[in-house]
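Now for the letters of each chain:
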Amino acid sequence: MTETEVPEDHPRYASLVTRHRIEAGVEQGITSKQGLIAQGRGEAFDYLLGERTLPSADAAARAAAATLLLADRPVISVNGNVAALAPAETVDLADAVDADLEVNLFNHTDERVRRIADHLRDHGANEVKGLAGDGEIPGLDHARGVVDADGIEAADVVVVPLEDGDRAAALDAMGKTEIVIDLNPGSRSPRTADVPIIDNLLRAVPNVTAHAKDLADARPAELERTVDEFDADAALDAAEAAIREGSFADGDGA
Ligand code: PTJ
């Protein structure tokens, strides 16, 4: 069954389409095999969260939009899962906040960087960084620390969806403001982030874009207030509470 053959009235439609995208990503050489495992882990957390955007995640998405609009050099980091799941949505977000896109991989190969950059261009991106590899994230081994000098290395704000904890910590040590999208509120990366968005990438990316469009004419003082009022610890706590205290009563079974 391909993505277009999944019946839209299937109770697990969104989940099945997501799986197909990740599977296709692996077949196209965009997504790593480990990306399949990451997807499974994400799905489990999404199920526990009720497959919805919590009010705390929506507040985080708004704070993320304000942070990006205030940034001087924002960069959105794209890995193999992000490219497979939400290429057009990620390009739309970059356009809405005037951010650069940079391919940055945990399991780095030049071939996969090139394929992902082409895939993003097929979905409307103009310039995609990550091919120069002339910068570094200090404190990581070479392959995992490779970035572009005029991209992530020079950025003031970085969006790192589905990032691993080590790199999130290393980016934090470089003084970057980090926006992390991750379904697991216990992961080190959202716990390191200035703005953790505990939501499915597929919902979170278009939501940040929608908030950015809504805030496009806001004055800097209003954007700063939106950022200041956001409480990262409270957002993490709210997601953890939703997972621990949720109920399967209305579940449709996976
Ligand atoms: O393409 P590469 O080489 O850069 O590799 C990317 C992956 C994601 C494979 C790599 O960074 C990795 O192994 O990540 P982890 O350590 O498995 O962490 C992935 C995190 O993303 C986990 O906390 C998952 O819960 C979360 N996650 C998975 N799918 C989604 C998600 N969060 C939001 N939306 C999703 N769709």
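Predicted model, so just to flag it, every value in this text is computed and none were measured. (Residues numbered from 1 in each chain as written. Predicted model: local features only at pLDDT ≥ 70, side-chain atom pairs only at ≥ 80, totals over all residues. Heavy atoms only, no water.)

With that settled, consider the site of the ligand. Around the ligand, the structure places 22 residues, and the nearest of them are G80, F106, R112, D182 and L201. Between an oxygen atom of the ligand and a main-chain N or O atom of L162, the distance comes to 3.5 Å. Between the ligand and S187 there is a distance of 3.3 Å, counted from an oxygen atom to a side-chain nitrogen or oxygen. Summarising the interface, the protein chains cover 94% of the accessible area of the ligand, which totals 750 Å² for the free molecule. Breaking the shell around the ligand down by element, the ones donating at least two residues are α2 (33-49) and α4 (80-85). It is α2 that contributes the most residues to the shell around the ligand, 5 residues altogether. Across the shell around the ligand, the residue classes tally to 7 nonpolar, 11 polar and 4 charged. (Near = heavy atom within 4 Å. Polar contact = N/O pair within 3.5 Å; in protein donor to acceptor, adjacent residues only side chain to side chain. Areas by Shrake-Rupley, 256 points an atom, 1.4 Å probe, with all protein chains shown as cover. Helix = DSSP H or I, 4+ residues; strand = E, 2+ residues; numbered from the N terminus. Nonpolar A, V, L, I, M, F, W, Y, C, P; charged D, E, K, R; others polar.)

The next thing to look at is the sheet that holds strand β6 (residues 157-161). On the basis of which strands lie adjacent, the open sheet formed by 6 strands has the order β3-β2-β1-β6-β7-β8 and parallel pairing. What marks the edges here is a single partner per strand, and that holds for β3 (128-129) and β8 (195-197). Looking at chain direction, strand β2 (residues 100-103) and β3 are connected through 2 bridges and run parallel. When the bridges of β3 are listed, L101 appears paired with V128. Along the sheet face, helix α6 (residues 110-122) touches β1 (74-78), β2 and β3 and points at about 150° away from the line of β2. (Pairing = 2+ DSSP bridges. Contact = heavy atoms within 4.5 Å. Axes fitted to C-alpha atoms, helices over the stretch in contact; angles between N-to-C directions.)

According to UniProt, the feature "binding site: ATP" (unreviewed entry) maps to R19, R41, D182, L183, N184, R188, S189, N200 and L201 in the numbering used here. These residues run over 183 residues, and the two farthest C-alpha atoms among them are 24.7 Å apart, placing them at more than one spot. Looking at where N200 falls in the secondary structure, it is placed in the loop between β8 and α10 (201-214). Residue N200 is classed as buried on the basis of its relative accessible area of 13%. Dropping the residues within four chain positions of it, N200 is found in contact with D46 and L183. (UniProt positions renumbered as here; feature names shortened; annotations may be inferred. Buried < 20%, exposed > 50% of the residue type's maximum accessible area, 1.4 Å probe, protein only.)

The next thing to look at is helix α3 (residues 55-70). With 16 residues, α3 ought to run about 22 Å at 1.5 Å a step, and its terminal C-alpha atoms sit 23 Å apart, in line with that. Turning to α3, its buried residues are S56, A57, A60, A61, A63, A64, A65, A66, T67 and L68. (Expected span 1.5 Å × (residues − 1).)

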